[in-house]
Amino acid sequence: MARLIEILRMTIDIAVALCAVLILVTPLWFGLAAFGTKWEFWSWQTGLNSMTHVWGLRLLLMGLVAGVLTLGVLILYRLLARQGHGNWLSAIAITLIAAAGLTWAIQVEASKSAGPAVLDVTTDVLDPPHFSAGFTARRSGLDASLDYDGKTAADGQTLPALQAGRYPAISTLRLDDPAPTAFARALELARESGWRVSTASAEAGMFEAGAESLWYGFRDDIVVRVRAGEAGGSLVDIRSVARQPVHDLGRNADRVEAFLEALGGAQP
């Protein structure tokens, strides 16, 4: 019995040390994958696919197994030796961290399985706002196309049909404000939202902007169009397009909906 207890003590020391290392390495690894991609140290394929989905998942599984097994050994030692030994906090912490990470991964996969991603979202699917030639020329040849009519979803659906099924409430916003006032308010809201406005023309009633996600730095292109309504007031359309062919988990649709809600809600 004494020999077994001694072996358990040595096992606990090693296991607790491993848990402590994993507590530090796990968040550091995911932070490195995300911000290394954002700061362009490597491609998004490396940061998101290899570092996060492949090695990150393995790291989380290792953490969960290490935490659970360490807790099991700690409990066994307590029962046999009638006393405690080792740091329970490290085992508990890495178990919770790994479980939270795996839960997040499961939720992400569930979101993806809900249906094809809509990476080009607009309020007017029949006549979507178009980006200027100058804006288009500044984009990389690796970026997703801005040709709305030429796009189809992964399952072969047209974008209008796909968007109608996923986001039926997204449509042109009608405001009582005259077009110049609505344009000024829309431009101010875009800047308050942290978008990088690159082109703005009150005369043309349109502006172009970009947005970047905190994690991984995924970039989206945005164009807003404001026109006078036939019966007075103004019509506001917005289009948000993901640059990378990566499931955006509804990011662009959420941006469009938030913009419309904020602009419509702020109407006098």
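Residues numbered from 1 in each chain as written. Predicted model: local features only at pLDDT ≥ 70, side-chain atom pairs only at ≥ 80, totals over all residues. Heavy atoms only, no water.

Engineer: Provide a residue-level description of the packing of aromatic side chains, including the pertinent values.
Structural biologist: On inspection of all chains with the given rule, the structure shows seven aromatic pairs. A centroid spacing of 5.5 Å and a plane angle of 35° characterise the contact between F35 and W39, whose relative ring orientation is tilted. On the accessibility criterion, F35 (22% relative accessible area) is partly exposed. An angle of 25° between the planes, with centres 5.8 Å apart, marks the rings of Y216 and F218 as stacked. F218 matches Y216 in its accessibility class, with the two residues each being buried. Linked through ring pairs, F35, W39 and W215 together constitute an aromatic cluster. R58 extends its terminal NZ or CZ atom over the ring of W55, reaching a point 4.5 Å from the ring centre. (Phe/Tyr/Trp six-rings, centres within 6.5 Å; stacked < 30°, edge-to-face > 60°. Buried < 20%, exposed > 50% of the residue type's maximum accessible area, 1.4 Å probe, protein only. Lys NZ or Arg CZ within 6 Å of the ring centre and 35° of its normal.)

Engineer: I'd like to hear about the environment of D248, residue by residue, with values.
Structural biologist: Here D248 shows up in the loop between β6 (234–242) and α7 (251–265). What makes D248 buried here is its relative accessible area of 5%. For D248, the side chain forms a polar contact with the side chain of N252, separated by 2.9 Å. (Helix = DSSP H or I, 4+ residues; strand = E, 2+ residues; numbered from the N terminus. Polar contact = N/O pair within 3.5 Å; in protein donor to acceptor, adjacent residues only side chain to side chain.)

Engineer: Could you give me a rundown of the pairing of strand β3 (residues 196–201), with the residues and numbers involved?
Structural biologist: Where a strand is regular, its side chains alternate between the two sheet faces. Across five bridges, β3 lies against strand β4 (residues 206–212) in antiparallel orientation. Across the sheet, residue R196 finds its bridge partner in β4, namely G210. Hairpin geometry of β3 and β4 is characterised by an intervening segment of four residues between the two adjacent antiparallel strands and by a positive phi of about 70° at G205. (Pairing = 2+ DSSP bridges.)

Engineer: Talk me through the pairing of strand β5 (residues 219–228); I want residue IDs and the actual numbers.
Structural biologist: Within β5, seven of the ten residues are buried, which leaves it mostly tucked inside the rest of the structure. Linking β4 back to β5 in an antiparallel pair, the connection comprises six residues, with Y216 at a positive phi of about 70°. With nine bridges connecting them, β5 and β6 associate as antiparallel partners. Looking across to β6, one finds that R225 is bridged to D237.

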